[in-house]
Amino acid sequence: PGATVRKYGAVIGLAREARAHRRYPPLARERGWTGTAEVRVDVSPGGRPWQVLLARSSGHDILDREAVLLMRNAAATTVLPDSLRGREFAVRMPVTFDIAETQ
């Protein structure tokens, strides 16, 4: 249970940073493309993201690429809780692109 709570703290921090870096690709907006991509962020014991990968596609390459870029940027600026420092872990985060939410 403790590891889950610690990882939850990392997810909250990543989600907060992701909101700050969020951008809807203009082409996807023009074409009305929506979807949810799932991105895996692997974090090194030093606290830095060493790998950010697409875990599940949204169905649109442009949204998938933006989701990975978004999470890469968010992971680079997320401050980890003290309880996770010195630990290697991975989190999976959904990134939803919904035009209705951006208007």
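The rules we used
Residues numbered from 1 in each chain as written. Predicted model: local features only at pLDDT ≥ 70, side-chain atom pairs only at ≥ 80, totals over all residues. Heavy atoms only, no water. Helix = DSSP H or I, 4+ residues; strand = E, 2+ residues; numbered from the N terminus. Buried < 20%, exposed > 50% of the residue type's maximum accessible area, 1.4 Å probe, protein only. Areas by Shrake-Rupley, 256 points an atom, 1.4 Å probe, with all protein chains shown as cover. 1 Å grid on protein atoms, 1.4 Å probe; cavity = no way out; pocket = protein on both sides within 12 Å on 5 of 7 lines; lining within 4 Å. Points joined across faces, edges and corners; volume = space filled by probe spheres on them. Contact = heavy atoms within 4.5 Å. Phe/Tyr/Trp six-rings, centres within 6.5 Å; stacked < 30°, edge-to-face > 60°. Lys NZ or Arg CZ within 6 Å of the ring centre and 35° of its normal. Pairing = 2+ DSSP bridges. Axes fitted to C-alpha atoms, helices over the stretch in contact; angles between N-to-C directions. Nonpolar A, V, L, I, M, F, W, Y, C, P; charged D, E, K, R; others polar.

**Student:** Is there a simple way to think about the overall build of the chain in this case?
**Tutor:** Secondary structure summary: the chain contains four helices and three strands in total. Reading the chain from its N terminus to its C terminus gives the helix and strand order α-α-β-β-α-β-α. Buried positions account for 36% of the 103 residues belonging to the chain. Accessible surface, the chain: about 6000 Å² in total, of which carbon and sulfur atoms supply 52%.

**Student:** Honestly, empty space enclosed by the protein in this entry has me stumped. Any pointers?
**Tutor:** In total, this model carries one cavity of 30 Å³ or more according to the counting rule given. Each pocket or cavity is described by its volume, and for the largest cavity that value is around 70 Å³. Along its surface, the largest cavity is lined by ten residues, and Val43, Gly47, Ala75, Thr78 and Leu80 are the ones closest to its centre. Of all elements in the fold, only α1 (2–21) and β1 (35–43) reach the threshold of two or more residues within the lining of the largest cavity.

**Student:** Whenever I open this one, the environment of Leu54 confuses me. Can you help?
**Tutor:** Relative to the helices and strands, Leu54 resides in strand β2 (residues 49–56). Take Leu54: its relative accessible area is 38%, and that puts it in the partly exposed class. Among all residues touching Leu54, those that are not within four sequence positions of it are Ala37, Glu38, Asp64 and Val68.

**Student:** For this particular structure, what's the right way to read the packing of aromatic side chains?
**Tutor:** Counting across every chain of the model gives one aromatic pair. A centroid spacing of 5.5 Å and a plane angle of 85° characterise the contact between Tyr24 and Phe97, whose relative ring orientation is edge-to-face. Separated by 73 residues along the polypeptide, Tyr24 in the loop between α1 and α2 (26–31) and Phe97 in strand β3 (residues 89–97) bring together distant segments of the chain. Grouping residues by exposure puts Tyr24 and Phe97 together as buried. The ring centre of Phe97 lies 5.3 Å from the NZ or CZ of Arg22, which sits over that ring.

**Student:** Please clarify how the sheet that holds β1 should be interpreted in this entry.
**Tutor:** Consider a sheet: its strands pair through backbone hydrogen bonds, and that pairing is either parallel or antiparallel. The three strands are arranged β2-β1-β3 in an open sheet whose pairing can be described as antiparallel. The open sheet has two edge strands, β2 and β3, and neither has a second partner. The average undirected angle you get between the axes of adjacent strands in this sheet is 25°. Pairing geometry for β1 and β3, over nine bridges, is antiparallel. By the bridge assignment for β3, Thr36 is matched with Thr96.

**Student:** What should I look at first to understand the layout of surface pockets in this one?
**Tutor:** Any empty space left between atoms is shown by rolling a water-sized probe over those atoms. Of the volumes computed, that of the largest pocket is approximately 150 Å³. Every residue lining the largest pocket is listed: Ala15, Ala18, Arg19, Arg22, Leu70, Met71, Met93, Pro94 and Val95. Secondary structure elements with two or more residues in the lining of the largest pocket: α1, α3 (61–77) and β3. The residue inventory of the lining of the largest pocket, partitioned by class, reads seven nonpolar, no polar and two charged.

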